[in-house]
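Next come the chains, spelled out residue by residue.
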There are 2 protein chains.
Amino acid sequence: MNSSASTKERILTAAEALFAQRGFEGASLRQLTAAAGVNLAAVNYHFGSKDHLVEQVFKRRLDQLNARRLAALKHFAGLQETTLEDVLSAFIRPALDLSHDGGGGLFMRVLARAFAEHDDDLRKFLSDNYGHVMRQFTAEFARLLPGLSKEELYWRIDLVTGALTHAMSGFGIIQRKNDVSEITHREQTAEHLIRFAAAGLRAP
Amino acid sequence: MNSSASTKERILTAAEALFAQRGFEGASLRQLTAAAGVNLAAVNYHFGSKDHLVEQVFKRRLDQLNARRLAALKHFAGLQETTLEDVLSAFIRPALDLSHDGGGGLFMRVLARAFAEHDDDLRKFLSDNYGHVMRQFTAEFARLLPGLSKEELYWRIDLVTGALTHAMSGFGIIQRKNDVSEITHREQTAEHLIRFAAAGLRAP
DNA sequence: GAATGGTTCAAACGATCGTTTGAGGATACG
DNA sequence: CGTATCCTCAAACGATCGTTTGAACCATTC
């Protein structure tokens, strides 16, 4: 049908990689279209502008991430026997999975960049596509941590998010060693994150 | 003496603010020099290039931050009665102070950007100016958390750093309210961070 | 007061940016 | 076959980028 679907997808994939490497301003459309093997004008034809392309790069991955997080949370929401670790797992593992399939761990780096860019339009876009998921998780955390005030809870979720973003985007000193498979490394990352975050959330 | 000291300082201050707002690539030398009230050519005259200017922006603040952190740590290093919270305080409070004086909470945002940019040269520069401080703190954490393996300790320090950077750069949802003074807010931030990080580091 | 060395200035340089244009190719339908 | 629709392409547009240039300024020194 739409013979341009391939072109659009190629642009999106190349854009995700280049934005992660060079940033939104640092990656030019000429580098981007050359990497994708398409004509320079194709970006403006299919996406209207570079800014709209940036939004679509986010949308493609965030739709995945949100759906998976909510699906994972659904199994635990409101249940008596749910633990803090269960909810953290539903929050963390889809993000780690996302950075694994989809062609590489690039998107979380793009996301971390977006946080750092402090672009108001982009933040609003992220809030619109992200807000309801965060609210659901916050409600579940509140249920499992009844001793925390609302302010204290917001603070701690914020700090968990910081630790998550940091770890997932590969900022840190921790790198996968060659004798550890990527799946194993991902599992270890998830376990470290969940253990750390759960303890931080439960802090007296 | 050096009548250009004023010009250099004005450039550095304006650069710090603009880099925080627009990023290293997004802030042009024309915006920068206009904000500083100096001639366009002054940047290349005093700093050689834009890249060198970026490095100097970091150096000016990191030298402060490193000195204050080490001075704060010195009071606790190796002492029997030192607590985890003491060391975390020595790590966290100088950073919060830095973002307070020096004309605004802009530098930590610049630092968070630098992490996100993944620029190898800049990361090497940061590592060279930062590494020995991190090693001293790591040694102290290891002393106070003898139950942790080296790998586990590295992981947790990495996660603490992520939470710290996130909170200090003002990413999160937490904003200072108008009825709270900045000093009070800074103190609350430090307490939340220390409580959360200490619990995360002590996780079973 | 002429000369010196450090600093500032307006102007221009070539390169690269995002975007637009208009012609041409490809495919489907009458 | 003719036409309409979607897409691709090379080329160019104006704007802005970091950097360089050479003249002017200004304090200090002989």
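Because the structure is predicted, anything quoted here is derived from the model rather than measured.

How each quantity is defined
- Residues numbered from 1 in each chain as written.
- Chains lettered and ligands numbered in written order.
- Predicted model: local features only at pLDDT ≥ 70, side-chain atom pairs only at ≥ 80, totals over all residues.
- Heavy atoms only, no water.
- Helix = DSSP H or I, 4+ residues; strand = E, 2+ residues; numbered from the N terminus.
- Buried < 20%, exposed > 50% of the residue type's maximum accessible area, 1.4 Å probe, protein only.
- Contact = heavy atoms within 4.5 Å.
- Areas by Shrake-Rupley, 256 points an atom, 1.4 Å probe, with all protein chains shown as cover.
- Least-squares fit on C-alpha atoms with pLDDT ≥ 70 in both.
- Salt bridge = Lys/Arg side-chain N within 4 Å of Asp/Glu carboxyl O.
- Buried area = accessible area lost by both parts, 1.4 Å probe.
- Polar contact = N/O pair within 3.5 Å; in protein donor to acceptor, adjacent residues only side chain to side chain.
- Phe/Tyr/Trp six-rings, centres within 6.5 Å; stacked < 30°, edge-to-face > 60°.
- UniProt positions renumbered as here; feature names shortened; annotations may be inferred.
- Expected span 1.5 Å × (residues − 1).
- Bend = angle between axes of the 7 residues up to and from the residue.

### So, the overall build of chain A
At step 1: Check the secondary structure of chain A and you find nine helices and zero strands.
At step 2: Of all 204 residues assigned to chain A, the portion counted as buried reaches 50%.
At step 3: Considering only intrachain contacts with a sequence separation of at least 6, the fraction spanning at least 24 residues in chain A is 74%.
At step 4: Counting every atom, chain A has about 9,600 Å² of accessible surface; 52% of that belongs to carbon and sulfur.

### As for the relation of the copies chain A and chain B
At step 1: Mapping chain A onto chain B is achieved by rotating through 180° and translating by 0.0 Å along the same axis, at an RMSD of 0.0 Å. In the structure described here, the two chain copies are related by an operation that fits a two-fold rotation axis.
At step 2: Interface residue correspondence from chain A to chain B reaches 100%, placing this contact among same-surface, isologous pairings.

### As for the pattern of salt bridges
At step 1: If you walk through the whole model with that rule in mind, you get 18 salt bridges over all chains.
At step 2: Put simply, D63 of chain B and K59 of chain B hold a salt bridge, and the shortest N to O gap is 3.1 Å. Of this pair, D63 of chain B and K59 of chain B both sit in helix α4 (residues 50–74), separated by four residues, roughly a single helical turn.
At step 3: For K59 of chain B, a relative accessible area of 31% translates into the label partly exposed.
At step 4: Between E187 of chain B and R93 of chain B there is a salt bridge, and its shortest N-O distance comes to 2.8 Å. Taken together, the residues E187 of chain B in helix α9 (residues 182–201) and R93 of chain B in helix α5 (residues 84–98) connect sequence positions 94 residues apart.
At step 5: Here the residues in one salt-bridge network are E152 and R156 of chain A together with R195 of chain B, joined through shared partners.

### A few points about the interface of chain A and chain B
At step 1: On the side of chain B, 43 residues touch chain A, which itself brings 43 residues to the contact.
At step 2: When chain A packs against chain B, the two sides together hide about 3,900 Å² of surface, and 66% of this comes from carbon and sulfur.
At step 3: Ranking the residues of chain A by area buried against chain B places W155, L159 and F196 of chain A at the top, with a combined share of 20%.
At step 4: For the interface between chain A and chain B, the tally reads two salt bridges.
At step 5: Where chain A meets chain B, there are six residue pairs in polar contact (both at pLDDT 80 or more).
At step 6: Elements with a minimum of two residues in the side of chain A that touches chain B: α1 (5–22), α6 (107–117), α8 (150–168) and α9 (182–201) of chain A.
At step 7: With 13 residues, α8 of chain A is the single largest residue contributor to the side of chain A that touches chain B.

### Focus on the packing of aromatic side chains
Residues and elements named next belong to chain B.
At step 1: Throughout the structure, instances matching the rule amount to seven aromatic pairs over all chains.
At step 2: Taken together, a centroid distance of 5.3 Å and an interplanar angle of 65° make the contact between F19 and F24 edge-to-face.
At step 3: Assessed through its relative accessible area of 0%, F19 is described here as buried.
At step 4: Judged by its relative accessible area of 9%, F24 is buried.

### Things to note about the UniProt feature "DNA-binding region" (unreviewed entry) in chain A
At step 1: UniProt tags residues 28–47 of chain A as "DNA-binding region" (unreviewed entry).
At step 2: Helix and strand shares over residues 28–47 of chain A are 70% and 0% respectively, and the end C-alpha atoms of the span are 15 Å apart.

### What about the side chain of E16 of chain B?
At step 1: For E16 of chain B, the location among the structural elements is in helix α1 (residues 5–22).
At step 2: E16 of chain B sits in the buried class, given a relative accessible area of 4%.

### Observations regarding α5 of chain B
All names here are of chain B.
At step 1: With 15 residues, α5 extends 22 Å from end C-alpha to end C-alpha; this agrees with the ideal 21 Å at 1.5 Å per step.
At step 2: Where α5 bends most, at A90, the angle is about 25°, and the proline P94 comes one to four residues later.
At step 3: For α5, the tally of buried residues reaches eleven of 15 residues, placing the bulk of the element in the interior.

### Considerations on the environment of G200 of chain A
At step 1: Residue position: G200 of chain A is located in helix α9.
At step 2: Relative accessible area serves as the criterion here: at 0%, G200 of chain A is assigned to the buried category.

### With respect to the environment of K59 of chain B
At step 1: Between the alpha carbons of K59 of chain B and N129 of chain B there is a distance of 7.9 Å; along the sequence they are 70 residues apart.
At step 2: Other than its neighbours up to four places away in sequence, K59 of chain B contacts F125 and N129 of chain B.

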